[in-house]
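Analysis of the macromolecular model
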There are 2 protein chains.
Amino acid sequence: MSEPLPSWNAGPAKDAIIAFVEATCGGGSAEAVPVAERLAVFDNDGTLWCEKPMPIQLDFILRRLVAMAEADPDLRDRQPWKAAREQDYGWFGTVLAEHYAGDDTHVAALAGGVLAAFADISVDAFDAQAEAFLRSARHPSLGRGYLECAYAPMVELLGYLAEHGFSSYIASGGGRDFMRPISDETYGVPRESVIGSSTALAYTSDGSGGSITRKAAADYLDDGPEKPVHIWTRVGRRPLLAAGNSNGDIEMLDYSRHPDRPSLRLLVLHDDAEREFDYLGGAERALDRARQDDWTVVSIRNDWRTVF
Amino acid sequence: MSEPLPSWNAGPAKDAIIAFVEATCGGGSAEAVPVAERLAVFDNDGTLWCEKPMPIQLDFILRRLVAMAEADPDLRDRQPWKAAREQDYGWFGTVLAEHYAGDDTHVAALAGGVLAAFADISVDAFDAQAEAFLRSARHPSLGRGYLECAYAPMVELLGYLAEHGFSSYIASGGGRDFMRPISDETYGVPRESVIGSSTALAYTSDGSGGSITRKAAADYLDDGPEKPVHIWTRVGRRPLLAAGNSNGDIEMLDYSRHPDRPSLRLLVLHDDAEREFDYLGGAERALDRARQDDWTVVSIRNDWRTVF
């Protein structure tokens, strides 16, 4: 057997992962967990791929907002179209930072624009637009396409878990239907295993299959305590492994503590300004929890041999 | 090769199923459909198991309503506790018949009782209660336990589809979490592949994994145009095969018409008073559609060699 997880440096994070997987498979004195119960859940932005300088989906939305404002001058003085058109990314950053700090004053304006950006198109048309963007757009500073912004050690971890009988789901605060077109190719996670936020949808029959249309209203934001709820809704099981990187992942990580099974909580720490980014904003409470409890902190600087 | 689907009599329904499955697998001149796209969806009540004299879940709920009314005399004059305690099943039948005819006047009272019956307990406690009921309770007239009320030809069809690379989901108007504990054993459909109606849920952390609690409010009723929406939400694909038996399945069957893939719509017709039941109530529009379009009607009397 070759050494597992070659993209990971030797250290406590790699040790914890291997010990957990061996325990679920009946290594040592533990009883093997039935394969059907081997469930792992992963946040996406900042856990499986980059989220700086802005979440990838926000770039997708901003480009659409700019196009809307070019077509309709009335939108140019309204947020979020104004900020998008003027490339005032600070406005978006402030709104998101306020949200993670518990202040949703400006979230309504942002959400209104986000929901309007892709309203009244079919889920199939949205799927095609998201896929075209993800296959063509490039990260603004890392010198690579967005699909190459997935973290190699995490993709390797998903493969290692699959080899050991795990089913992995993506439980993201980002849009479910934004990730689906590329989840299998990028992560080995099929589209039915992507959980995430969604707009409200409606079905219309038309005699030839009908179509499902996106409405300009949120269905739910898959963040914080909604993450465990949507994991249950989709899978009907408590996960054994959860990986996240921000305050919005705390409840999902809490939920993965099993009364009578091995379990593991991973928190990715962005501490590598040279190879990726170095930031703690939006993750302060999560890091406190990791240090209080027995969560495993994954330091990008120390634990990953390669990042991409 | 032994003859497929031995519980099905020779005839147009069996022929249509076999021709469809062979076409998806590349038989004849057709190009094989990739395995990942081989999606089938099934209604549950009246399609995979009996729904007369009342849906099985209604029996589960009624027993709980009776127990609530025994414990709290104030409930005894309120619907639906009054009807449950007095075994006035006609009241429930009328409300459901009104609902299927488009009149929801009494649905609010029924829904209020149904939602209260299992409110404020964890999804794990509900799972255990549903499983205990389904393993012990018996059908009132068929002389068999509820778990033996699954239709053998449909279970055989699920197996036949699985052998040919299909993933099958249960898209039921009934409760998702009611079916999950027995879906794998009864149908070979794992719990993550059960779609269905749900109450609202909420997660609470407690330092040891936390729990997900059922609220006394509906999340959604997975019926009519909501069925295609929740199939997309869960799977992210248009099905190739849909099977139902009532007006609430029409949109799901419509949605399974594929622009460039083989597809099949099955409508189970309850026309066998001797071996099961003979009724058309709640399925009139669906049967009209089956006759207008190219849906395949499955006659229990003519197409099934055995029912259970």
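Check the entry above for the structure.
Residues numbered from 1 in each chain as written. Chains lettered and ligands numbered in written order. Predicted model: local features only at pLDDT ≥ 70, side-chain atom pairs only at ≥ 80, totals over all residues. Heavy atoms only, no water.

**Focus: the overall build of chain A**
- Of the regular secondary structure elements, chain A holds twelve helices and seven strands.
- By its C-alpha atoms, chain A is 65 × 50 × 35 Å across when sized along the principal axes.
- Sequence-distant contacts in chain A: of pairs separated by 6 or more residues, those separated by 24 or more amount to 66%.
- A total of about 12400 Å² of accessible surface is found on chain A, and carbon and sulfur atoms cover 50% of it.
- Across chain A, the mean location of the 30 positive side-chain charges is 1 Å away from that of the 48 negative side-chain charges. (Helix = DSSP H or I, 4+ residues; strand = E, 2+ residues; numbered from the N terminus. Contact = heavy atoms within 4.5 Å. Areas by Shrake-Rupley, 256 points an atom, 1.4 Å probe, with all protein chains shown as cover. Lys, Arg positive; Asp, Glu negative; His and termini not counted. Charge placed at Lys NZ, Arg CZ, Asp CG, Glu CD.)

**Remarks on the sheet that holds strand β7 (residues 296-299) of chain B**
All names here are of chain B.
- Read from one edge of the open sheet, seven strands run β4-β3-β2-β1-β5-β6-β7, paired in mixed fashion. What marks the edges here is a single partner per strand, and that holds for β4 (211-220) and β7. Put simply, the sheet's adjacent strands are angled 35° from each other on average, direction ignored.
- Summarising the sheet, strand β5 (residues 241-244) and strand β6 (residues 264-269) pair through four bridges and their orientation is parallel. By the bridge assignment, Ala243 is partnered in β6 with Leu266.
- Running at roughly 165° to strand β1 (residues 39-42), helix α7 (residues 152-163) makes contact with β1, β2 (167-175), β5 and β6 of the sheet. (Pairing = 2+ DSSP bridges. Axes fitted to C-alpha atoms, helices over the stretch in contact; angles between N-to-C directions.)

**Digging into the packing of aromatic side chains**
All names here are of chain A.
- For the coordinates displayed, the defined rule picks out 28 aromatic pairs over all chains.
- Their ring planes at 90° and their centres at 5.1 Å tell us that Trp91 and Phe92 sit as a pair that is edge-to-face. By the burial criterion, Trp91 is buried, and Phe92 matches it.
- An aromatic cluster is present here, built from Phe60, Phe118, Phe126, Phe133, Tyr146 and Phe178 joined pairwise through their rings.
- Sitting over the face of the ring of Tyr279, Lys52 holds its NZ or CZ atom 4.6 Å from the ring centroid. (Phe/Tyr/Trp six-rings, centres within 6.5 Å; stacked < 30°, edge-to-face > 60°. Buried < 20%, exposed > 50% of the residue type's maximum accessible area, 1.4 Å probe, protein only. Lys NZ or Arg CZ within 6 Å of the ring centre and 35° of its normal.)

**What about the interface of chain B and chain A?**
- On the chain A side, the residues contacting the 32 residues of chain B number 32 residues.
- Taken together, chain B and chain A are joined by zero salt bridges.
- Where the side of chain B that touches chain A is concerned, the elements lending two or more residues are α6 (123-136), α8 (176-187), β3 (194-204), α9 (226-235) and α10 (250-255) of chain B.
- Among the elements that take part in the side of chain B that touches chain A, α9 of chain B stands out by supplying six residues, more than any other. (Salt bridge = Lys/Arg side-chain N within 4 Å of Asp/Glu carboxyl O.)

**A word on the packing of helix α2 (residues 56-71) of chain B against helix α5 (residues 107-117) of chain B**
All names here are of chain B.
- Running from N to C, α2 and α5 point in directions that differ by 80°, and their axes come no closer than 10 Å. In terms of orientation, α2 lies roughly perpendicular with respect to α5. Touching Ile61, Arg64, Leu65 and Met68 of α2 are Gly113, Val114, Ala116 and Ala117, all from α5.
- Among the residues making up the contact of α2 with α5, the classes are represented as six nonpolar, one polar and one charged. (Parallel < 35°, antiparallel > 145°, perpendicular 65-115°, else oblique. Nonpolar A, V, L, I, M, F, W, Y, C, P; charged D, E, K, R; others polar.)

**Some details on the sheet that holds strand β7 (residues 296-299) of chain A**
Residues and elements named next belong to chain A.
- What the seven strands build is an open sheet, ordered β4-β3-β2-β1-β5-β6-β7; its pairing is mixed. The sheet is open, and its two borders are formed by β4 (211-220) and β7, each paired with just one other strand. If you compare each strand with its neighbour and ignore which way they point, the axes differ by 35° on average.
- Both strand β6 (residues 264-269) and β7 contribute to a ladder of four bridges, which runs parallel. Along β7, the bridge assignment pairs Val268 with Val298.
- Contacting β1 (39-42), β2 (167-175), β5 (241-244) and β6, helix α7 (residues 152-163) runs over the sheet at an angle of about 165° to β1.

**Quick word on the side chain of Ser198 of chain A**
- Mapped onto the secondary structure, Ser198 of chain A falls in strand β3 (residues 194-204).
- By relative accessible area, which is 10% here, Ser198 of chain A ends up buried.

**Here's the deal with the relation of the copies chain B and chain A**
- Screw-axis analysis of chain B against chain A gives a translation of 0.0 Å along the axis, an RMSD of 0.0 Å, and a rotation angle of 180°. Taken together, the rotation and translation describe the operation of a two-fold axis. Relative to the rotation axis, the C-alpha of Arg234 of chain B is the closest in chain B, positioned 3.4 Å from it.
- Counting the interface residues of chain B, we find that 100% of their copies in chain A are interface residues as well, pointing to one common contact surface. (Least-squares fit on C-alpha atoms with pLDDT ≥ 70 in both.)

**A few points about the pattern of salt bridges**
Residues and elements named next belong to chain A.
- In total, this model carries 34 salt bridges over all chains according to the counting rule given.
- As a salt-bridge pair, Lys14 and Glu3 come within 3.4 Å of each other at their nearest N and O atoms. One end of the pair, Lys14, is in helix α1 (residues 12-24); the other, Glu3, is in the segment before α1, with eleven residues separating them in the sequence.
- Judged by relative accessible area, Lys14 falls into the buried class, the value being 6%.
- In this structure, Arg180 engages Asp177 in a salt bridge whose closest nitrogen and oxygen atoms are separated by 3.2 Å. Of this pair, Arg180 and Asp177 both sit in helix α8 (residues 176-187), separated by three residues, roughly a single helical turn.
- Taken together, the shared-partner salt bridges connect Asp43, Lys227 and Asp249 into one network.

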